[in-house]
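Residue strings, one per chain:
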Amino acid sequence: MTQIVISGSGLYTPPYAVSNEELVKAFNQYVDLYNEENASAIDAGQLDAKQHSSSDFIEKASGIKSRFLVSREGVLDPDIMQPLLAERPDEQPSIMVEMAVAAAEQALIAAGRKPEEIDLVIVSASNMPRPYPALAIELQHYLGAAGMAFDMNVACSSATFGIKTAADLLAAGTARLALVVNPEVCSGHLNFRDRDSHFIFGDACTAVLLERGEDCQVANPWQLVASKLVTHYSNNIRNNFGFLNRLSPRTRYGDDKLFRQQGRKVFKEVLPLVCDQIEGQLASQGWQAGELSRLWLHQANLTMNQFIGRKLLGHDASQEEAPVILDRYGNTSSAGSIIAFHLYNRDLPAGARGVLCSFGAGYSIGSLLLRRL
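If you're wondering where the values come from, they're calculated on a predicted model, not measured in any experiment.

(A) Structural detail: the sheet that holds strand β13 (residues 364-372). Ordered by their spatial adjacency, nine strands build an open sheet running β5-β4-β6-β7-β1-β8-β13-β12-β11, and the pairing between neighbours is mixed. Looking at strand neighbours, the two that pair on one side only are β5 (148-152) and β11 (292-297), the edges of this open sheet. Looking at each pair of strands side by side, their axes are set apart by 25° on average, direction ignored. Sheet topology places strand β4 (residues 120-124) next to β5; five bridges connect them, and they run parallel. Its bridge partner lying in β5, Val121 is registered against Ala149. The sheet contacts of helix α4 (residues 95-111) involve β1 (4-12), β6 (177-185) and β7 (203-212), and relative to β1 the element is tilted by about 130°. Strands in contact with helix α6 (residues 158-171) are β1, β4, β5, β6, β7, β8 (222-231), β12 (353-360) and β13; relative to β6, the strand with the most contacts, it is inclined by about 165°.

Structure, rendered in structure tokens:
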């Protein structure tokens, strides 16, 4: 059986850190303006008054304290409340490819590889900037990679689904060196005027290189021992933005064209699925939960990760056992679990075992069992 390994990883962090306090200040200014402008309708019972947000509310609800954005211009302006990015000419690299190149270059250095050795590029992310040409092909061009490239979108599980897809193509002999990149500009589909979600997302990009074990040029890579991908249809996390919106001018800019979720339903429905999936995988490989050195979990909500850690390990997981990065990065969709892996794997010795797991809209769940060689 062909051994597939992760030989390198990379991370691009945007330049603009935005704290909860900054977001709350702008949001509450917007709320005051809205309530003032609609005072008559609110008094008549025709509209509900909007409520203030707070840093305490955000941290208690999510565990998030800050996030990084590709642009803070506009987000903190109560009259705009969205990131502002100028459209780029077709002849220039797009913002997501610019992010992807930076993360890919780090992964290449870590793996001791050159861009021209790559013969498979997969860009997996929650949102793509256009239908075609594929972002992956644009990235392939600017990196100088060979072979083939294509995009994938499985929302929050895009990274794990991309890794599994790349691993299968490597095992089949279709490629020899695969790059999986996850550029997430989550701020672009976030409703900064929605109290329940205005704080959730941040932007980032991650990258991993995969290859066959016999070709790997670095010591102690991470072997992909087992992987499982599962999807279940649900509308509890949804975004209706797409090219067909232009055919309905009256509704094309509705709030449903941005991120929306029913958080309590997601919590209740997704967590049992995630725990059952990981426990089944461990049993199928003869692994015990007590043998796990690390859980690199999807970074969406601190309470969700604490629940999973407690269920799998039988005790409250420590920061060492289940690293948390969402306090600094926020929810970066598919990039989150890879950020945790990238930042918190180098200290583990040969033989260490870990689980990398993502879950979210779809529903989609991707879980990978990794062992350090």
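(B) How the structure looks around helix α8 (residues 302-313). Spanning twelve residues, α8 covers 16 Å between terminal C-alpha atoms, matching the ideal 16 Å at 1.5 Å per step. Those residues of α8 that sit buried are Met304, Asn305, Ile308, Gly309, Leu312 and Leu313. On an axial view of α8, the arc spanned by its buried residues comes to 135°, and they lie on one face. On its buried side, α8 packs onto α7 (263-285), β11 and β12. Note on α8: the residue one or two positions beyond its end, Gly314, has a positive phi of about 85°.

(C) Expanded view of the pattern of salt bridges. Evaluation of the coordinates by the stated rule reveals 16 salt bridges. Here Arg113 ties to Glu211 by a salt bridge, and the two come within 2.5 Å at their closest N and O atoms. Separated by 98 residues along the polypeptide, Arg113 in the loop between α4 and β4 and Glu211 in strand β7 bring together distant segments of the chain. A single burial state applies to Arg113 and to Glu211, both of which are buried. The residue Asp347 makes a salt bridge to Arg294 at a minimum N-O spacing of 2.8 Å. Within this pair, whereas Asp347 is found in the loop between α10 (335-343) and β12, its partner Arg294 is found in strand β11, the two being separated by 53 residues in sequence. Residue Arg294 is classed as buried on the basis of its relative accessible area, which comes to 2%.

(D) Geometry of the side chain of Ser158. With respect to the helices and strands, Ser158 occurs in helix α6. Exposure remark for Ser158: the relative accessible area of 0% places this residue in the buried category. With sequence-adjacent residues up to four places away left out, Ser158 is seen in contact with Ser124, Ala125, Ser126, Met152, Asn153, Asn182 and Ser334.

(E) Here's a closer look at the nonpolar core. Among the nonpolar cores identified, the biggest contains 46 residues, and Val274, Leu295, Ile308, Val355, Cys357 and Phe359 are the most heavily contacted of them. In this view, Phe359 contacts Cys156, Ser157, Val270, Val274, His298, Met304, Asn305, Ile308, Ser364 and Ile365; residues no more than four positions away in its chain are not counted. Judged by nonpolar contacts, the second largest core, of 36 residues, contains Met152, Leu169, Leu224 and Ile325.

(F) Summary view of the side chain of Gln277. You can see Gln277 is positioned in helix α7. Side chain to side chain, Gln277 and Ser367 meet in a polar contact 2.9 Å long. Once residues within four sequence positions are removed from consideration, Gln277 is found in contact with Lys228, Leu229, Val230, Ile365, Gly366 and Ser367.

(G) Spotlight on the packing of helix α1 (residues 20-37) against helix α3 (residues 55-62). Running from amino to carboxyl end, α1 crosses α3 at an angle of 120°, the nearest separation of the two axes being 9 Å. Between α1 and α3, the angle falls in the class oblique. Crossing handedness for the pair α1 and α3: right-handed. Along the contact surface, α1 presents Asn20, Glu21 and Val24, while α3 presents Ser55, Ile58 and Glu59. Its residues assigned to classes, the contact of α1 with α3 shows two nonpolar, two polar and two charged.

(H) Here's a closer look at a negative patch on the surface. A cluster of acidic residues, Asp32, Glu36, Glu37 and Asp79, forms a negative patch at the surface. When you line up the elements, Glu36 lands in helix α1. By relative accessible area, which is 62% here, Glu36 ends up exposed.

(I) Examining the UniProt feature "domain: Beta-ketoacyl-[acyl-carrier-protein] synthase III C-terminal" (unreviewed entry) in the protein more closely. Per the UniProt annotation, the sites labelled "domain: Beta-ketoacyl-[acyl-carrier-protein] synthase III C-terminal" (unreviewed entry) are residues 282-371. For residues 282-371, helix accounts for 32% and strand for 24%, while the C-alpha atoms at its two ends are 12 Å apart.

(J) Just the environment of Leu229, in detail. Tracing the sequence through the fold places Leu229 in strand β8. Take Leu229: its relative accessible area is 31%, and that puts it in the partly exposed class. Once you skip the residues sitting within four places of it in the chain, Leu229 turns out to touch Thr160, Phe161, Lys164, Gln277, Ile365 and Gly366.

Rules behind the numbers
- Residues numbered from 1 in each chain as written.
- Predicted model: local features only at pLDDT ≥ 70, side-chain atom pairs only at ≥ 80, totals over all residues.
- Heavy atoms only, no water.
- Pairing = 2+ DSSP bridges.
- Helix = DSSP H or I, 4+ residues; strand = E, 2+ residues; numbered from the N terminus.
- Axes fitted to C-alpha atoms, helices over the stretch in contact; angles between N-to-C directions.
- Contact = heavy atoms within 4.5 Å.
- Expected span 1.5 Å × (residues − 1).
- Buried < 20%, exposed > 50% of the residue type's maximum accessible area, 1.4 Å probe, protein only.
- Arc of directions from axis to C-beta.
- Salt bridge = Lys/Arg side-chain N within 4 Å of Asp/Glu carboxyl O.
- Core = buried A, V, L, I, M, F, W, Y, C linked by side-chain atoms within 4.5 Å.
- Polar contact = N/O pair within 3.5 Å; in protein donor to acceptor, adjacent residues only side chain to side chain.
- Parallel < 35°, antiparallel > 145°, perpendicular 65-115°, else oblique.
- Left-handed = near helix turned anticlockwise from the far one by under 90°.
- Nonpolar A, V, L, I, M, F, W, Y, C, P; charged D, E, K, R; others polar.
- Patch = residues over 30% accessible without salt bridge, like charges linked within 9 Å, V, L, I, M, F, W, Y side chains within 5 Å.
- Areas by Shrake-Rupley, 256 points an atom, 1.4 Å probe, with all protein chains shown as cover.
- Lys, Arg positive; Asp, Glu negative; His and termini not counted.
- Charge placed at Lys NZ, Arg CZ, Asp CG, Glu CD.
- UniProt positions renumbered as here; feature names shortened; annotations may be inferred.

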